[in-house]
Amino acid sequence: MKNQIIKITFCLTIALTSILFIGCGEKNNKNTLILGCSADYPPFEFKMNGKIVGFAPDLANLICKKLGYSLEIKDMDFSSLIAALNSGRIDFIMSSMTVTEERMKRIDFSQVYYEAKLAVIYRKNNIVDTVEKMIDKKIGVQLGTTMELFIKEKAKQSPSINILSLNRNPELIQELKIGRIDAIVIEQSQVEHFAKANTDLTYSILNDNAAEGYAIAFPQKSNLKEKFNKALNEIKESGELQALLKKWSL
Ligand code: ARG
């Protein structure tokens, strides 16, 4: 009898604790949004002293504050962001992601928050400043990006362009510095940053490219899209967006 009472009390305690935990979890889920990004793209999203910083986390914080959410940031490879979003591991992507027709088949985008240009970074002693000069050279790009699509398209016409796709930009920069690749196709603001940090490197803007419009991505039909667009409009009108661009020298 005594044993049974102990057992019942034990089970009840476990059940109550689980209910409490589940309750907290649900509450937390509703109040916190998880942003997914590839934190390797200064000055937009990158790591400084182990912390994810940049224009995008700042903008995401402003938006979340306006909408009454707290923000958690997860760093992951760029090529795994869309899968993470569609499986619910993150709530939105803000990772300098360009709006493309192909991506729009799988995710929804907010309005564009920044327009970028494609660029190429190379060693000062090995000038690769045009697509023509990429022939017979090894060109690095980040896996799953529009730069990878761009260079693959060029390689269809000039098969002697060799391509190396890697997950992270700092890895590509290392490969370039030690001479294992000849250039990296990347975007303007980021090359400016990387060239400043590495005096052996320099860059050029690729002139035959269309503008890359960065937007925030959501799962299809998410009601967050509308809310974020409204908050973005307010942030634009109040001058806060301008201030953020200035803060990150954009
Ligand atoms: N804008 C390019 C794209 O959408 C590259 C983005 C890379 N972003 C990053 N955080 N590494 O494919």
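Residues numbered from 1 in each chain as written. Predicted model: local features only at pLDDT ≥ 70, side-chain atom pairs only at ≥ 80, totals over all residues. Heavy atoms only, no water.

Novice: Whenever I open this one, the environment of Ala 215 confuses me. Can you help?
Specialist: Within the fold, Ala 215 resides in strand E13 (residues 212-219). Residue Ala 215 is classed as buried on the basis of its relative accessible area of 0%. Ala 215 sits 119 residues away from Ser 96 along the chain, and the two C-alpha atoms are 7.0 Å apart. Residues within four places of Ala 215 in sequence aside, it is in contact with Ile 93, Met 97, Val 99, Phe 109, Ser 110, Gln 111, Val 112 and Tyr 113. (Helix = DSSP H or I, 4+ residues; strand = E, 2+ residues; numbered from the N terminus. Buried < 20%, exposed > 50% of the residue type's maximum accessible area, 1.4 Å probe, protein only. Contact = heavy atoms within 4.5 Å.)

Novice: Sorry, what's going on with the pattern of salt bridges here?
Specialist: Side chains that differ in sign of charge can pair as their charged atoms come close. Summed over the entire model, instances satisfying the criterion amount to 12 salt bridges. Here Lys 47 makes a salt bridge to Asp 75, at a shortest N to O gap of 3.2 Å. Pair noted here: Lys 47 is in strand E3 (residues 45-48) and Asp 75 is in strand E5 (residues 70-75), with a separation of 28 residues, a long-range link. You can call Lys 47 partly exposed: its relative accessible area is 46%. In this structure, Glu 153 engages Lys 156 in a salt bridge whose closest nitrogen and oxygen atoms are separated by 3.2 Å. (Salt bridge = Lys/Arg side-chain N within 4 Å of Asp/Glu carboxyl O.)

Novice: I'm lost on helix H2 (residues 55-67) in this one. Help?
Specialist: Structural remark: α-helix, 3.6 residues per turn; residues separated by three or four positions point the same way. Over its 13 residues, H2 runs 19 Å from end to end, which matches the ideal 18 Å to within 8%, given 1.5 Å per residue. Every buried residue of H2 is listed here: Phe 55, Ala 56, Pro 57, Asp 58, Leu 59, Ala 60, Ile 63 and Cys 64. Looking one or two places after H2, you find Gly 68, whose phi comes out positive at around 80°. (Expected span 1.5 Å × (residues − 1).)

Novice: Just checking my understanding: could you explain the nonpolar core for this structure?
Specialist: Most often, soluble globular proteins have nonpolar side chains that are buried together. Ranked by internal contacts, the top residues of the largest apolar core, which has 58 residues, are Leu 59, Phe 92, Ile 121 and Val 185. The element best represented in this core is H2, accounting for 6 residues. Aside from chain neighbours lying at most four places away, what touches Val 185 is Leu 118, Ala 119, Met 134, Ile 139, Gly 140, Val 141, Met 147, Phe 150, Ile 151 and Leu 206. Core analysis: the second largest hydrophobic core is formed by 14 residues, Leu 81, Ile 82, Ile 90 and Ile 107 among them. (Core = buried A, V, L, I, M, F, W, Y, C linked by side-chain atoms within 4.5 Å.)

Novice: What exactly am I supposed to notice about the side chain of Ser 189 here?
Specialist: Assignment of secondary structure puts Ser 189 in helix H7 (residues 188-197). With residues up to four places along the chain from it excluded, the contact list for Ser 189 reads Pro 42, Pro 43, Phe 44, Tyr 114 and Leu 250.

Novice: Sorry, what's going on with the sheet that holds strand E8 (residues 118-123) here?
Specialist: By way of backbone hydrogen bonds, the strands of a sheet pair with one another, either parallel or antiparallel. Reading across from one edge, E10-E9-E11-E8-E12 is the order of the 5 strands in this open sheet, with mixed pairing throughout. The outermost strands of the open sheet, each flanked by one partner alone, are strand E10 (162-166) and strand E12 (201-205). Here the strands of the sheet are splayed against their neighbours by 30° on average, with no regard to which way each runs. (Pairing = 2+ DSSP bridges. Axes fitted to C-alpha atoms, helices over the stretch in contact; angles between N-to-C directions.)

Novice: Mind showing me how you'd approach the packing of H2 against helix H9 (residues 240-247) here?
Specialist: A packed helix pair is summarised by two numbers, namely the angle formed by the two axes and the spacing between the axes. Running from N to C, H2 and H9 point in directions that differ by 155°, and their axes come no closer than 10 Å. One finds that H2 runs roughly antiparallel with respect to H9. Where H2 crosses over H9, the two elements pack in a sense that is right-handed. Where H2 approaches H9, its residues Phe 55, Asp 58, Leu 59, Leu 62 and Lys 66 are matched on the opposing element by Glu 240, Leu 241, Leu 244, Leu 245 and Lys 247. The residue makeup of the contact of H2 with H9, split by class, is 6 nonpolar, no polar and 4 charged. (Parallel < 35°, antiparallel > 145°, perpendicular 65-115°, else oblique. Left-handed = near helix turned anticlockwise from the far one by under 90°. Nonpolar A, V, L, I, M, F, W, Y, C, P; charged D, E, K, R; others polar.)

Novice: Where do I start with the site of the ligand in this structure?
Specialist: What surrounds the ligand is a group of 17 residues, the closest being Ser 96, Thr 98, Arg 103, Gln 142 and Thr 146. In the model, a nitrogen atom of the ligand is placed 2.8 Å from a nitrogen or oxygen of the Ser 96 main chain. Contact distances for the ligand include 2.7 Å between an oxygen atom and a backbone N or O atom of Thr 98. Here the ligand loses 100% of its free accessible area of 350 Å² to cover by the protein chains. Elements with a contribution of two residues or more to the shell around the ligand: strand E2 (40-41) and helix H5 (146-157). Looking at the shell around the ligand residue by residue, the class counts come to 5 nonpolar, 8 polar and 4 charged. (Near = heavy atom within 4 Å. Polar contact = N/O pair within 3.5 Å; in protein donor to acceptor, adjacent residues only side chain to side chain. Areas by Shrake-Rupley, 256 points an atom, 1.4 Å probe, with all protein chains shown as cover.)

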